[in-house]
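Observations on chain architecture
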Amino acid sequence: MLRMKNLWLWIIGCCLLAAPSVLNAQKKMLPAEQEIRLQYGADRLGKRKDAAMKQFRDHRLGAFIHWGLYAIPGGEWNGKVYSGAAEWLKVWAKVSADEWLTLMDQWNPTRFDAKKWARMAKEMGVKYVKITTKHHEGFCLWPSQYTEYTVANTPFKRDILGELVKAYNAENIDVHFYFSVMDWSHPDYRSSLKTKEDSIAFRRFLTFTDNQLKELATRYPTVKDFWFDGTWDASIKQNGWWTAHVEQMLKEMVPGVTINSRLRADDYGKRHFDSNGHLMGDYESGYERRLPHPVKDLKVTQWDWEACMTVPENQWGYHKEWSLSYVKQPVEVLERIVHAVSMGGNMVVNFGPQPDGDFRSEEKELAQYIGRWMKKNGEAIYGCDYAGWEKQDWGYFTRKGDEVYMVVFQLPYSNRLQVKTPQGVNIIKATNIEQKEVKVQETARNEYQVVLPASTPNEPFVIRLHIENKNQTSDKYRDALT
Ligand code: H76
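Residues numbered from 1 in each chain as written. Predicted model: local features only at pLDDT ≥ 70, side-chain atom pairs only at ≥ 80, totals over all residues. Heavy atoms only, no water.

1. Here we look at the side chain of Ser144
- Among the structural elements, Ser144 can be located in the loop between β4 (128-134) and α6 (160-170).
- Judged by its relative accessible area of 5%, Ser144 is buried.
- Reaching out from Ser144, the side chain makes a polar contact with the side chain of Gln212 at a distance of 3.2 Å.
- Discounting residues that sit within four places of it in the chain, Ser144 has contacts with Thr150, Gln212 and Glu215. (Helix = DSSP H or I, 4+ residues; strand = E, 2+ residues; numbered from the N terminus. Buried < 20%, exposed > 50% of the residue type's maximum accessible area, 1.4 Å probe, protein only. Polar contact = N/O pair within 3.5 Å; in protein donor to acceptor, adjacent residues only side chain to side chain. Contact = heavy atoms within 4.5 Å.)

Written out as structure tokens, the structure reads:
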């Protein structure tokens, strides 16, 4: 009798525990008509499946170039060095737009050589480069006909962007355009719309922006992506229709083009994800100088995403004094690249070229380090995705079909690497990157140890696991063993 009672308590307890998850499941499965009706929300549910998006995703590794007038002062104004981001110096040092834009007279990067930049990117192993066509300061790296603040009106005169597009494309590297909507040089820009005059001026500003974007898409038709920034102000959030319109306009002009989520705001000013929680744009672009937690944030594997990072803590444009913050070692940059790919994302590593058109030595060394590693181990990065396996302390898993890659950053004292496979997935064989067999032994059901040889590379390395997925066949033999 007592046992019966316990059983009932047990059953009731279970029902109570299960109740919230049942409710959650119902919430997730709300039929479409129960969602808020949005005119400017997500255009699509789930990942894009076309070839252009697949190309974006398979590239996995990109470089960011932040280059503009801010490279000239490099974080220093009137003898004072500001530790904040160099490309924001105008704000830190409270410089007026007019004064800031006189830096154009000093724009003369005599050592600039687009072909050299392209070779550097090629050697680094990046498959695409994101270039600041125009940062917040408003200075354009192309000769825009809609403003006087462009490369054309500097001593150097040359179309920097055009030369770069040509040089990168010649190396088979895709070019993505960074574009800041917020523009400190434009008299019609408004961060908020308080009066009717503000709204009228801002409407003119949006037309100006449309014109610049159409100009970019027309002049450089091989552009593969627009990455919008400076879209957080109330004025833009109140005009969600415009962000949806920009995406549509660019997609009509450039077949296959990809657009980041940061552009978008919905009918209620909700950004990145709309009021129903659906991603807007083609990929999430919120991971800036940070990454999702490799265990707790697995939800990111449900959509495409791209992270970007700086080498110092927070310097995108050239800053002459890097020692003011922690500067990452090349191996730390590499770990972040692998971390992103292991969770189904892309990683973009930033470079802030010097005002003379060359790169600082730290950045050249970093590019070489990553390139050397990618040349040997790139198989575990390019075209790879989230593996769906439980994260282990030695590093990260990535996956391409039936090959699962272990990218090892930490060597345990035992020289044995623990691996747990999902039910029905068996490891057939392990090899190192040179295809030499590595011992792997089953220690328990769905648990293995990769037994490393006595000597391993003294840098992060890759173990390739050839797997067999019993879930995909009708062979249930192993399941029947329980
Ligand atoms: C804040 C901010 C901007 N977004 C980054 C990608 C940099 O461009 C930085 O200036």
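2. Side note on the side chain of His186
- Among the structural elements, His186 can be located in the loop between β5 (174-180) and α7 (196-219).
- Within the structure, the side chain of His186 is placed 3.0 Å from the backbone nitrogen of Asp188, a separation counted as a polar contact.
- The residues contacting His186, other than those within four sequence positions of it, are Phe205 and Phe208.

3. Points about the pairing of β5
- In terms of burial, β5 is largely enclosed, as seven of its seven residues are buried.
- Residue alternation in β5 divides its side chains into two sets, Asp174, His176, Tyr178 and Ser180 and Val175, Phe177 and Phe179, and both sets are buried.
- Inspection of the sheet shows β4 paired to β5 by six bridges, in the parallel sense. Bridge pairing in β5 places Val129 opposite Val175. (Pairing = 2+ DSSP bridges.)

4. Here's the deal with the packing of helix α10 (residues 330-342) against helix α11 (residues 361-377)
- As a packed pair, α10 and α11 sit with axes 9 Å apart at the nearest point and diverge in direction by 50°. It follows that α10 is oblique to α11 by the angle criterion. Along this stretch, α10 crosses α11, giving a crossing that reads as right-handed. Between α10 and α11, the residues in contact are Pro330, Val331, Val333, Leu334, Ile337 and Val338 and Leu366, Tyr369, Ile370 and Trp373, respectively.
- Taken together, the residues of the contact of α10 with α11 break down into ten nonpolar, no polar and no charged. (Axes fitted to C-alpha atoms, helices over the stretch in contact; angles between N-to-C directions. Parallel < 35°, antiparallel > 145°, perpendicular 65-115°, else oblique. Left-handed = near helix turned anticlockwise from the far one by under 90°. Nonpolar A, V, L, I, M, F, W, Y, C, P; charged D, E, K, R; others polar.)

5. Details of the nonpolar core
- In this structure, Trp107, Tyr168, Phe226, Phe228, Leu250, Val349 and Ile370 are the most contacted members of the largest nonpolar core, which totals 108 residues.
- A total of seven residues in this core trace back to one element, the largest contributor, which is α7.
- Per-domain counts for this core show at least three residues from each of domain 1 (51-380) and domain 2 (395-469).
- Those residues within four positions of Ile370 in sequence are excluded, and the remaining contacts are Leu61, Met124, Pro330, Val333, Leu334 and Ile337. (Core = buried A, V, L, I, M, F, W, Y, C linked by side-chain atoms within 4.5 Å. Domains from an automatic or database assignment.)

6. Section: the environment of Asn458
- Among the secondary structure elements, Asn458 is positioned in the loop between β15 (447-451) and β16 (461-469).
- A relative accessible area of 79% means that Asn458 is categorised as exposed.
- Once the C-alpha coordinates of Asn458 and Gly424 are considered, the two residues, 34 residues apart in sequence, prove to be 34 Å apart.

7. Considering the domain arrangement of the protein
- As assigned here, the protein comprises domain 1 (51-380) and domain 2 (395-469).
- The gap between the C-alpha centroids of domain 1 and domain 2 is 37 Å.
- Listed as interface residues are 14 residues of domain 1 and, on the opposing side, 13 residues of domain 2.
- Of the roughly 1,400 Å² buried between domain 1 and domain 2 on both sides combined, carbon and sulfur atoms contribute 59%.
- Summed over the three residues of domain 1 that lose the most area to domain 2, namely Lys376, Glu379 and Ala380, the buried surface amounts to 39% of that side.
- Counting the contacts that link domain 1 with domain 2 gives two salt bridges.
- In this structure, Glu379 and Arg464 form a salt bridge, with 2.9 Å as the shortest nitrogen-oxygen distance.
- At the boundary of domain 1 and domain 2, one finds six residue pairs in polar contact (both at pLDDT 80 or more).
- Where the side of domain 1 that touches domain 2 is concerned, the elements lending two or more residues are α10 and α11.
- The element that contributes the greatest number of residues to the side of domain 1 that touches domain 2 is α10, accounting for seven residues.
- Classifying every residue of the side of domain 1 that touches domain 2 by side-chain character gives seven nonpolar, three polar and four charged. (Buried area = accessible area lost by both parts, 1.4 Å probe. Salt bridge = Lys/Arg side-chain N within 4 Å of Asp/Glu carboxyl O.)

8. As for the environment of Asn377
- As for its position among the elements, Asn377 is in helix α11.
- Taking relative accessible area as the criterion, Asn377 reaches 1% and is therefore assigned buried.
- In sequence terms Asn377 and Glu437 are 60 residues apart; their C-alpha atoms lie 16 Å from each other.
- Look past the residues within four positions of Asn377 in its chain and what remains in contact with it is Ile433, Pro460 and Val462.

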